[in-house]
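# Breakdown of the fold
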Amino acid sequence: MNEIKMVDLKGQYLKIKEEVDREIQEVINTTAFINGKVVKEFQSNLEQYMGEGVHATTCGNGTDALQIALMALGLEPGDEVIVPAFTYVASAEVIALLGLTPVMVDVDENTFNISIDEMKKALSEKTRAIIPVHLFGQSADMEPILKFAKEHNLYVVEDNAQAIGAYYTFSDGRRMKTGTMGTIGCTSFFPSKNLGCFGDGGAIFCRDEKLAERIHMIANHGQKVKYHHTVIGCNSRLDSIQAAVLKVKLKHLDEYCKARYEAAQYYTTELKGLESIVTPYEAGYSTHVYHQYTLKVNNGRRDELKEYLATKGIPSMIYYPLALQEQEAFKEITKSCGRLESSKECARSVLSIPMHTELTKETMDYVIESIRNWTK
Ligand SMILES: *Cc1c(COP(=O)(O)O)cnc(C)c1O
């Protein structure tokens, strides 16, 4: 069998090589490496993909997207932003970077996403925004989040870096894409993300035209007219070569989501009910695009399984080994809401196994068989 990888970017590329190469060559031919016409084209395709009425601004990466989002909302030092304690560091880093206070909230142990009850407890007079993260490819429970935000006049900035292509279903049956429900949505095109380029990239979504204009301006040195700077901004751009790659890959995104979902269903059917193993929970309100296929390994046996899989040539990853409030950098500046026990427990028990668009049945069978042998 070929080497097993967490993510197979090469295999995915080979299937669309001709078109991707042609688009990249086109950028080189025109030498419009920054702000080439393909950036606008991709941006407009992305708007269509995300849904009617959505404005998109492409930018340098997903972390910038979050930072620009918070800048655009005009938050001020001391303002509190609620964020789940179990997430990638970027979600909270940008809050601290802008002099705002991250308020860590526990996650739901089943979905790994922000707990609604804990979110409510975190409210203070200084709360201005909530950053729900759609972790591993499944939407946070947006309806109660949006309702709570509306009641308390809070902004909602969705961190959609792991869930582009997923849908949330409201209780009245309406379906919306993750990243388009809050005040602003942010995503990343890091190569291993579900829609990834060949370097860094990101995008910011919103429905309010005025706000979109402001976001656009901030990402571009605070200028609308060249050399006339209205607000303090930053320099965050998606370059033309990345846009060219993304333009091709966006056409395949739904197919990619489906391939991941189907692989996940196979894993779950075969791994369900094994001793010490908990397969991913699918919430009824969201589709799951399986950015990661993440098991929970109980009884303190996670590291043991990881080591065992390594001896079988199967890679696995711990996303994430520490809850945010346990990170050195966050200890001093963070407010924690409650004891964050579930976040800590997740950090101790999660294990992500190979998940990508090119998984074969043969590879999955080998992974499944190895995990089964371990549990025996
Ligand atoms: C990847 C990721 C980011 C940041 O994206 P970059 O493009 O790497 O800056 C932010 N939040 C989450 C949840 C992510 O997974």
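Attention in this report is confined to the structure presented alongside it. Since the structure is predicted, the reported quantities are computational estimates derived from the model, not experimental observations.

### Some words on helix α2 (residues 37-50)
In this model α2 runs 20 Å from its N-terminal to its C-terminal C-alpha over 14 residues, within 8% of the 20 Å that 1.5 Å per residue would give. Among all positions of α2, only Val38, Val39, Phe42, Gln43, Leu46, Tyr49 and Met50 are buried. Burial along α2 is one-sided: seen end-on, the buried residues are contained in an arc of 140°. Exposed side chains of α2 directed beyond 90 degrees from the buried face belong to Lys37, Lys40 and Gln48. Immediately beyond the C-terminal end of α2, within one or two residues, lies Gly51, with a positive phi of roughly 130°.

### What to know about the nonpolar core
Core analysis: the largest hydrophobic core is formed by 35 residues, its most contacted members being Ile68, Leu70, Ile95, Met104, Val157, Ile184 and Ile215. Secondary structure elements with two or more residues in this core: α3 (62-72), β2 (80-84), α4 (90-97), β8 (184-188), β9 (202-206) and α7 (209-219). No other element matches the 7 residues that α3 contributes to this core. Not counting chain neighbours up to four residues away, the residues in contact with Ile215 comprise Thr57, Ile68, Ala72, Ile184, Ile204 and Cys206. Judged by nonpolar contacts, the second largest core, of 34 residues, contains Phe86, Val133, Leu135 and Leu309.

### Thoughts on the pattern of salt bridges
When the charged atoms of two side chains with opposite charge come close together, those side chains can pair. All told, the structure shown has 20 salt bridges when counted by the stated rule. For Arg372, the salt bridge identified is with Glu270, shortest N-O distance 3.1 Å. Within this pair, whereas Arg372 is found in helix α12 (residues 361-375), its partner Glu270 is found in helix α9 (residues 253-271), the two being separated by 102 residues in sequence. When its relative accessible area of 33% is taken as the criterion, Arg372 is described as partly exposed. Among the salt bridges present, the one from Glu326 reaches Arg348, with a minimum N-O distance of 2.6 Å. Taken as a pair, Glu326 in the loop between α10 (302-311) and β14 (335-336) and Arg348 in helix α11 (residues 341-349) lie far apart in primary sequence, 22 residues in all. You can call Glu326 buried: its relative accessible area is 17%. A relative accessible area of 42% means that Arg348 is categorised as partly exposed. Here the salt bridges do not stand alone but share partners, grouping Glu23, Glu41 and Lys247 into one network.

Conventions used here
- Residues numbered from 1 in each chain as written.
- Predicted model: local features only at pLDDT ≥ 70, side-chain atom pairs only at ≥ 80, totals over all residues.
- Heavy atoms only, no water.
- Helix = DSSP H or I, 4+ residues; strand = E, 2+ residues; numbered from the N terminus.
- Expected span 1.5 Å × (residues − 1).
- Buried < 20%, exposed > 50% of the residue type's maximum accessible area, 1.4 Å probe, protein only.
- Arc of directions from axis to C-beta.
- Core = buried A, V, L, I, M, F, W, Y, C linked by side-chain atoms within 4.5 Å.
- Contact = heavy atoms within 4.5 Å.
- Salt bridge = Lys/Arg side-chain N within 4 Å of Asp/Glu carboxyl O.

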